[in-house]
Amino acid sequence: MITRRQTLQLLGTAAATALLASSLPAFAQNVAVQDLAVPGPLGDVTLGPTDAKVTIIEYASLTCSHCAHFHKETWPELKKRYIDTGKVRFTLREFPLDPLATAGFMLARCDGDSKYYPITDLLFEQQKNWAFTDKPLDALRQIMRQAGFSQEKFDACLRDQKLYDAVNAVKNRAMDQFKVDSTPTFFINGQRYPGSMSIDELEKIIKPLLGA
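Draft legend 1. The arrangement of the sheet that holds strand S1 (residues 46-47) in detail. Overall, mixed pairing links the five strands, which are arranged S1-S3-S2-S4-S5 in an open sheet. Lying at the two open borders of the sheet, with one neighbouring strand each, are S1 and strand S5 (191-194). Bridge count between strand S2 (residues 54-60) and strand S3 (residues 88-94): seven bridges; the pairing is parallel. Within the sheet, the bridge partner assigned to Ile56 lies in S3 and is Phe90. Together, S2, S3, strand S4 (185-188) and S5 form the strand contacts of helix H9 (residues 161-178), whose direction differs from that of S3 by roughly 105 degrees.

Below you can see the structure in the form of structure tokens.
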């Protein structure tokens with residue numbers, strides 16, 4: 001037999017659960033677009049026009065297998081159909097899950113904005129050949145030679161404390177202000193979409209925003 005006190009306790013728990021559930025969507029999904037638009041210390045490297053109807057911001061880690069899958073399978077089509085055609089503005093932001101991913105982003109930032117996407121694309125494409133090896137830093141050094149990095153340049157970049165702090169500042173702001181807690185996490189016109197998405201899934205979101 002359940003006593004009155006137990007009933008009240010259960011009701012209290014249920015009410016608390018309901019309150020939590022009702023508060024989660026606002027907490028977890030929407031972010032003010034103007035807040036998202038503020039770049040980190042290194043600035044954003046964006047693709048697509050400033051006046052595009054749709055803005056996509058992705059928080060990713062270079063050692064995240066789901067992120068690599070997105071960038072190998074979905075990204076080329078997204079870029080071809082929507083970014084290169086001027087319909088979507090895209091920004092990849094740093095959310096390193098470990099020191100190795102931090103190193104990768106530092107290297108991508110080290111050679112100027114024009115090299116940011118070529119290097120991150122390369123590191124996602126080759127992820128299994130450096131991120132999941134016995135000597136990942138050595139493997140990363142070998143891969144970065146393809147991008148024109150000498151050993152001296154590679155080492156100097158990874159010793160840059162200011163660069164290290166700036167990359168982590170992007171992650172920390174995403175965690176603290178936007179409550180990002182996994183990768184990849186996408187914000188499409190301020191709406192949160194966690195997890196890797198196919199081009200079909202993305203199109204279902206993008207097309208209505210474009211009025212298509």
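From this point, the narrative continues.
Draft legend 2. Layout of unusual backbone geometry. Cis geometry is adopted by the peptide bond preceding Pro184, which originates at Thr183 and carries an omega value of -10 degrees. The topology assignment puts Pro184 in the loop between H9 and S4. The phi angle at Lys179 is positive, at roughly 60 degrees, despite the residue not being glycine. Checked against the element boundaries, Lys179 lands in the loop between H9 and S4. A positive phi angle is found at Asn189, which is not glycine, with a value near 50 degrees.

Draft legend 3. Examining the nonpolar core more closely. Counting residues in each nonpolar core, the largest one holds 48 residues, and the members touching the most others are Ile56, Leu78, Trp130 and Ile206. Those residues within four positions of Leu78 in sequence are excluded, and the remaining contacts are Ile56, Phe70, Ile83, Phe90, Ile199, Leu202 and Ile206. Core analysis: the next-biggest nonpolar cluster, separate from the first, contains 10 residues, Leu36, Ile57, Tyr59 and Phe95 among them.

Draft legend 4. Representation of the confidence of the model for the protein in the model. Overall, the prediction assigns the protein a mean pLDDT of 88, with 86% of residues at 70 or greater. Segment residues 1-28 is flagged for pLDDT under 50; beyond a separation of four residues in sequence, or across chains, it makes seven contacts in the model.

Draft legend 5. Looking closely at the packing of helix H5 (residues 116-125) against helix H7 (residues 136-145). At a minimum axis separation of 11 Å, H5 and H7 run at an interaxial angle of 130 degrees. When the interaxial angle is binned, H5 and H7 end up oblique. The two elements H5 and H7 cross, and the hand of that crossing is right-handed. For the pair H5 and H7, the contacting residues are Ile119, Leu122 and Leu123 in the first and Leu140, Ile143 and Met144 in the second. Taken together, the residues that form the contact of H5 with H7 break down as six nonpolar, no polar and no charged.

How each quantity is defined
Residues numbered from 1 in each chain as written. Predicted model: local features only at pLDDT ≥ 70, side-chain atom pairs only at ≥ 80, totals over all residues. Heavy atoms only, no water. Pairing = 2+ DSSP bridges. Helix = DSSP H or I, 4+ residues; strand = E, 2+ residues; numbered from the N terminus. Contact = heavy atoms within 4.5 Å. Axes fitted to C-alpha atoms, helices over the stretch in contact; angles between N-to-C directions. Core = buried A, V, L, I, M, F, W, Y, C linked by side-chain atoms within 4.5 Å. Buried < 20%, exposed > 50% of the residue type's maximum accessible area, 1.4 Å probe, protein only. pLDDT = per-residue confidence, 0-100. Parallel < 35°, antiparallel > 145°, perpendicular 65-115°, else oblique. Left-handed = near helix turned anticlockwise from the far one by under 90°. Nonpolar A, V, L, I, M, F, W, Y, C, P; charged D, E, K, R; others polar.

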